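# Structural overview
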Amino acid sequence: MAQRLPDKIYFKIGEVSEIVGVEPYVLRYWETEFELLKPSKAPSRHRLYKKGCRASAGNQAAALL
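Counting restarts for each chain: residues are numbered from 1 in the order of the written sequence. Whole-chain, interface and lining totals are the exception, using all residues; otherwise, since this is a predicted model, local features are given only for residues with pLDDT of at least 70 and side-chain atom pairs are given and counted only at 80 or more. The basis for every side-chain value is the complete set of non-hydrogen atoms in the structure, without hydrogens or water.

Below, the discussion takes up the confidence of the model for the protein chain. Per-residue confidence from the predictor is reported as pLDDT, which spans 0 to 100. Considering every residue of the protein chain, the mean pLDDT works out to 78; 71% of them sit at 70 or more. Numbered from the N terminus, helices here are DSSP runs of H or I no shorter than four residues, and strands are runs of E no shorter than two. Per-element averaging of pLDDT across the protein chain places helix H3 (residues 51–64) at the bottom with 58 and helix H2 (residues 24–33) at the top with 90.

Written out as structure tokens, the structure is:
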């Protein structure tokens, strides 16, 4: 069953890691390895993923797991 996403533009790294099913450190590693996964950063330097970025992370997870 597909998981329903909240209706918002940006997601924090913890939210994305839960949705994708990997630990946050894996997402941070993927940022260094794959150009498709480039979250923006808030003034507080927290990573903010857009829905398209989250989909890219999901595709990476499916390909690697």
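On to the side chain of Ser-17, then. Within the element layout of this structure, Ser-17 appears in helix H1 (residues 13–20). Any residue under 20% of the maximum accessible area for its type is buried, any over 50% is exposed, and the rest in between are partly exposed; the area is computed with a 1.4 Å probe on protein chains only. For Ser-17, a relative accessible area of 8% gives the class buried. One polar contact links the side chain of Ser-17 to the main-chain carbonyl oxygen of Gly-14, over a distance of 2.8 Å. For the purposes of these results, a polar contact is taken to be a pair of N or O atoms within 3.5 Å, where, inside protein, one atom must be able to donate a hydrogen and its partner to accept one; residues adjacent in sequence count only when each atom of the pair is a side-chain atom.

Another point: the sheet that holds strand E1 (residues 10–12). Sheet architecture is open: 3 strands sit in the order E1-E3-E2, paired in antiparallel fashion. Two strands lie at the open edges of the sheet, namely E1 and strand E2 (40–41), each paired on one side alone. Note on pairing: two strands pair once DSSP finds at least 2 bridges between them. Bridge analysis of E1 against strand E3 (residues 47–50) gives 3 bridges, and the strand direction is antiparallel. Following the sheet pairing, Tyr-10 is matched in E3 by Lys-50. Where H1 meets the sheet, its contacts fall on E1 and E3, and the angle it forms with E1 comes to roughly 85 degrees. Note on contacts: a residue pair qualifies if any of its non-hydrogen atoms lie within 4.5 Å across the two residues. To obtain each axis, a line is fitted to C-alpha atoms, and for helices this fit is confined to the stretch in contact; angles are then taken between N-to-C directions over 0 to 180 degrees.

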